[in-house]
Amino acid sequence: MKQKFDIGIIGAGLSGLTLGNSLLSKKINNFILFEKDINTKNDKTYSFWSGPGLFDIKKSFSVKPKKEWSQIEIKVKSKSYKIDLGEYRYACYSSESILGELYKNLTKKGIQVRQGNSVNDIKKKQDGWEVKLKSKKILLKNLVDSRPNKTFDDKYPSLMQVFVGSEIISNENIFDDKVVTLMDFAESKKNVIFTYILPFSKTKALIETTFFSSEIDFKEVEKIHKLTLMKFSVKEIIRTEKAVLPMSPYIDRRMKNQYFKIGNFAGASRPASGYAFTRIALWAHQIKTKKEFNYEMIAHKENYLTNWLDKIFLSVLRSSPQNAPEIFRIFFTKVPTSSAIRFLSDQSRIVDYLAIIMKLPKLVMLRGLIHLYVK
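In this report, we go over the structure that sits alongside the text. Owing to the predicted nature of the structure, the values given are computational and were not obtained by experimental measurement.

**Overview of the overall build of the protein**
Item 1. Looking only at helices and strands, the protein features 11 helices and 18 strands.
Item 2. Projected onto its principal axes, the C-alpha coordinates of the protein cover approximately 65 × 50 × 40 Å.
Item 3. Counting over 375 residues, the protein shows a buried share of 53%.
Item 4. Taking all contacts inside the protein whose residues are at least 6 apart in sequence as the whole, residues at least 24 apart take part in 73%.
Item 5. Taken as a whole, the protein presents about 18500 Å² of accessible surface, with 50% of it coming from carbon and sulfur.
Item 6. The averaged location of the 38 negative side-chain charges in the protein is 4 Å from the averaged location of its 64 positive side-chain charges.

Okay, structure coming up:
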């Protein structure tokens, strides 16, 4: 038995489901999604900024945040720097709620999401692609793949964000639930290492240990994470999450014979941070309806100035990781909050770029620029 679709999307994660919902909103409905997992897992936390001048993601996704905060904190050498966000907020969402809503919206409109199906048997046909699922063959005019690459491109100045997180309950009222600890830095000459804390109450928080590194070493990250958790009098670990995210300014624009890449390895991850949620939301919102589906319709649009600044920033982090804590401190405490947030949210104005260039340490950034081109 054969079924025919204009588009097949491999992976019902954030990129795949968001693309599906965007296509549906543009009256494109002859598509199907394939997902290897049977159920949506609560194994990720999506966080982003909201406020004046930013795309309204909450309204776009029709979901409620797990919690929002009006203050963030940066810690360098045990000294705390707290920043009031004013009209802006930092919010987090569970992957289970976000993906669940996106999935429900598709199935409610009659879109097929084939869960429990790993796509391994793919054949190129004259007029598209054939995917074999058990006894069924599915014919697709276009194939969109959101699966991560098996290997990381180490082209300078690319890095990887390697993290392990635990949502815990403490025996003590240890957390300030009004302040997100965005970065609590550890000293290191090899990697950029910091602790990230989202406090949901005085006794409950998500604690993540994060490395910006050119190597994947989960054993080292997990070792430091265990030591970090010992500071919080852990009563119970509710859940854990871990991942490796690309921090690369080089987009894999692979497209061949109606086969397209999307997701973290095709421009969804912000090079300077690894964050993807806002980029994916903006990408889906900006997808244009065309007479015929093509790559140009769904490609991530590159902002060359943002990408250039990210390259310099990554060059500094890779060549001089010991300078990272001070650079982030200056970025969050000296750059106007609105400019910093718009920059992090991929919605910068010229005035924001100028503010960042003026405030960041000139000598360190110049060295990063030299390393970028000399390498």
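**Section: the sheet that holds strand E3 (residues 45–50)**
The pairing of strands in a sheet comes from backbone hydrogen bonds and takes either a parallel or an antiparallel form.
Item 1. Strand order in the open sheet formed by three strands is E3-E7-E4, with antiparallel pairing between adjacent strands. Two strands close off the open sheet at either side, each with one partner strand: E3 and strand E4 (67–69). On average, adjacent strands in this sheet sit at an angle of 20° to one another, irrespective of strand direction.
Item 2. Relative to strand E7 (residues 89–94), E4 runs antiparallel, the two sharing three bridges.

**Here we look at the side chain of Arg239**
Item 1. Counting through the fold element by element, Arg239 comes out in strand E16 (residues 234–247).
Item 2. Polar contacts involving the side chain of Arg239 include one to the side chain of Glu167, which spans 2.8 Å.

**Let's talk about unusual backbone geometry**
Item 1. Here the amide bond leading from Tyr156 into Pro157 is cis, since omega sits at 5°, within 30 degrees of zero.
Item 2. Position of Pro157 relative to the elements: it lies in the loop between strand E11 (136–145) and strand E12 (159–170).
Item 3. We note that Asp346 has phi near 60°; this positive angle belongs to a residue other than glycine.
Item 4. Within the secondary structure, Asp346 is located in the loop between helix H9 (337–344) and helix H10 (350–359).
Item 5. Using a relative accessible area of 23% as the deciding quantity, one classes Asp346 as partly exposed.

**Some points on the nonpolar core**
Item 1. Counting residues in each nonpolar core, the largest one holds 47 residues, and the members touching the most others are Tyr90, Leu182, Leu198, Phe212 and Phe328.
Item 2. Sequence-distant contacts of Leu198, that is, excluding residues within four places in its chain, are made with Thr45, Ser47, Trp69, Tyr90, Cys92, Val180, Lys204, Ala205 and Leu206.
Item 3. By size, the runner-up hydrophobic cluster in this structure holds 41 residues, among which are Tyr46, Val144, Ile280 and Met297.

**Some words on H9**
Every α-helix carries 3.6 residues per turn, so stepping three or four residues along brings you back to the same face.
Item 1. Within the span of H9, buried status applies to Ser339, Ala340, Ile341, Arg342 and Phe343.
Item 2. Each element contacted by the buried residues of H9 is listed here: E3, helix H7 (304–319), helix H8 (324–334) and H10.
Item 3. Asp346 lies just past H9 and shows a positive phi near 60°.

**Observations regarding the packing of H7 against H8**
Item 1. Closest axis-to-axis distance for the H7/H8 pair is 9 Å, and the angle between their directions is 145°. Across the interface between the two elements, Phe313, Val316 and Leu317 from H7 touch Ala324, Ile327 and Phe328 from H8.
Item 2. Here the contact of H7 with H8 is built from residues that sort into six nonpolar, no polar and no charged.

**Comments concerning the environment of Lys256**
Item 1. With respect to the element layout, Lys256 can be found in strand E17 (residues 255–256).
Item 2. Residue classification places Lys256 among the exposed positions, given a relative accessible area of 59%.
Item 3. For the pair Lys256 and Leu143, spaced 113 residues apart in sequence, the C-alpha separation works out to 9.9 Å.

Conventions used here
Residues numbered from 1 in each chain as written. Predicted model: local features only at pLDDT ≥ 70, side-chain atom pairs only at ≥ 80, totals over all residues. Heavy atoms only, no water. Helix = DSSP H or I, 4+ residues; strand = E, 2+ residues; numbered from the N terminus. Buried < 20%, exposed > 50% of the residue type's maximum accessible area, 1.4 Å probe, protein only. Contact = heavy atoms within 4.5 Å. Areas by Shrake-Rupley, 256 points an atom, 1.4 Å probe, with all protein chains shown as cover. Lys, Arg positive; Asp, Glu negative; His and termini not counted. Charge placed at Lys NZ, Arg CZ, Asp CG, Glu CD. Pairing = 2+ DSSP bridges. Axes fitted to C-alpha atoms, helices over the stretch in contact; angles between N-to-C directions. Polar contact = N/O pair within 3.5 Å; in protein donor to acceptor, adjacent residues only side chain to side chain. Core = buried A, V, L, I, M, F, W, Y, C linked by side-chain atoms within 4.5 Å. Nonpolar A, V, L, I, M, F, W, Y, C, P; charged D, E, K, R; others polar.

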